[in-house]
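# Residue-level structural notes
Spelled out from the first residue to the last, the chains are:
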Amino acid sequence: MDAPTLPVPAYLNLRAYRHAGALASELFWITRGFPTAEKDALTLQLRQTTRAVTNGIATSWAVRYSAAEFRARLSEAQCACSRLHYWIEQAHAAGYLHEAEYRALLDQRTTLDLLLARLRNQRISLLD
């Protein structure tokens, strides 16, 4: 007898993961234009924080059969998403982001936060 098909076959197919990956990629390219002096500070923080979100989603998927673990890992991803807001604010305050870039990044981060909250609040049985 075949195992039941999961609604989402892998974390790579989760909208939250795809959105987080696109945001990480966009921030990577934007931060390439930051001053060299920021390479080990703001640039690193922005890149690491977006990667922490994607990592949190991936690890939550690995433990999805435990509702508590699943939600704990997604909570970590949401915390990283909150830190991302802070670092975007810092980049804007330092003058490294144009107003349009800044607004677009904040909008994408807000969407990501909503996707993470929706995923975190799903009943775990939907992922079994």
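Residues numbered from 1 in each chain as written. Predicted model: local features only at pLDDT ≥ 70, side-chain atom pairs only at ≥ 80, totals over all residues. Heavy atoms only, no water.

### Some points on the overall build of the chain
Secondary structure summary: the chain contains four helices and zero strands in total. Taken from the N to the C terminus, the helices and strands of the chain come in the order α-α-α-α. Across the 128 residues that make up the chain, the buried fraction comes to 37%. Here the contacts in the chain between residues at least 6 apart in sequence split such that 73% fall between residues at least 24 apart. (Helix = DSSP H or I, 4+ residues; strand = E, 2+ residues; numbered from the N terminus. Buried < 20%, exposed > 50% of the residue type's maximum accessible area, 1.4 Å probe, protein only. Contact = heavy atoms within 4.5 Å.)

### Concerning the packing of helix H1 (residues 15-31) against helix H4 (residues 99-121)
To describe two helices that pack against each other, one gives the angle between their axes and the distance between the axes. It is the contact of H1 with H4, at a shortest axis distance of 9 Å, that shows an interaxial angle of 155 degrees. Overall, the two elements H1 and H4 adopt an arrangement that is roughly antiparallel. For the pair H1 and H4, the crossing hand works out as left-handed. Side by side, H1 and H4 meet where Arg15, Ala16, His19, Ala20, Leu23, Glu26, Leu27 and Ile30 of the first sit next to Glu101, Leu105, Gln108, Arg109, Thr111, Leu112, Leu115, Leu116, Arg118 and Leu119 of the second. Partitioning the contact of H1 with H4 into residue classes produces 10 nonpolar, three polar and five charged. (Axes fitted to C-alpha atoms, helices over the stretch in contact; angles between N-to-C directions. Parallel < 35°, antiparallel > 145°, perpendicular 65-115°, else oblique. Left-handed = near helix turned anticlockwise from the far one by under 90°. Nonpolar A, V, L, I, M, F, W, Y, C, P; charged D, E, K, R; others polar.)

### A word on the packing of aromatic side chains
According to the stated counting rule, one finds four aromatic pairs in the structure shown. On the numbers, 4.9 Å between centres and 85 degrees between planes, the contact of Tyr11 with Tyr17 is edge-to-face. The interplanar angle of 85 degrees and the centroid separation of 5.2 Å between the aromatic rings of Phe28 and Trp29 together place this pair among those described as edge-to-face. Looking at Trp29, the relative accessible area reads 54%, which means it is exposed. (Phe/Tyr/Trp six-rings, centres within 6.5 Å; stacked < 30°, edge-to-face > 60°.)

### Quick word on the pattern of salt bridges
Taken as a whole, this structure holds three salt bridges when the rule is applied. One salt bridge connects Arg103 with Glu99, and the closest N-O pair in it is separated by 3.1 Å. Here the residue Arg103 and the residue Glu99 both occupy positions in helix H4, the gap between them amounting to four residues, near one helical turn. Put simply, Glu69, Arg73 and Glu76 are held in one network by salt bridges that share partners. (Salt bridge = Lys/Arg side-chain N within 4 Å of Asp/Glu carboxyl O.)

### Observations concerning the state of the cysteines
Taken as a whole and assessed by the stated rule, the structure comprises zero disulfides. Cys79 forms no disulfide, and the closest cysteine sulfur to it belongs to Cys81, at a distance of 9.9 Å. (Disulfide = S-S within 2.5 Å.)

### Here's the deal with the environment of Val53
Of note, Val53 is situated in helix H2 (residues 42-62). The sequence separation of Val53 and Arg83 amounts to 30 residues, and the corresponding C-alpha distance is 9.9 Å. Those residues within four positions of Val53 in sequence are excluded, and the remaining contacts are Ala20, Ala77, Ala80, Cys81, Leu112 and Leu116.

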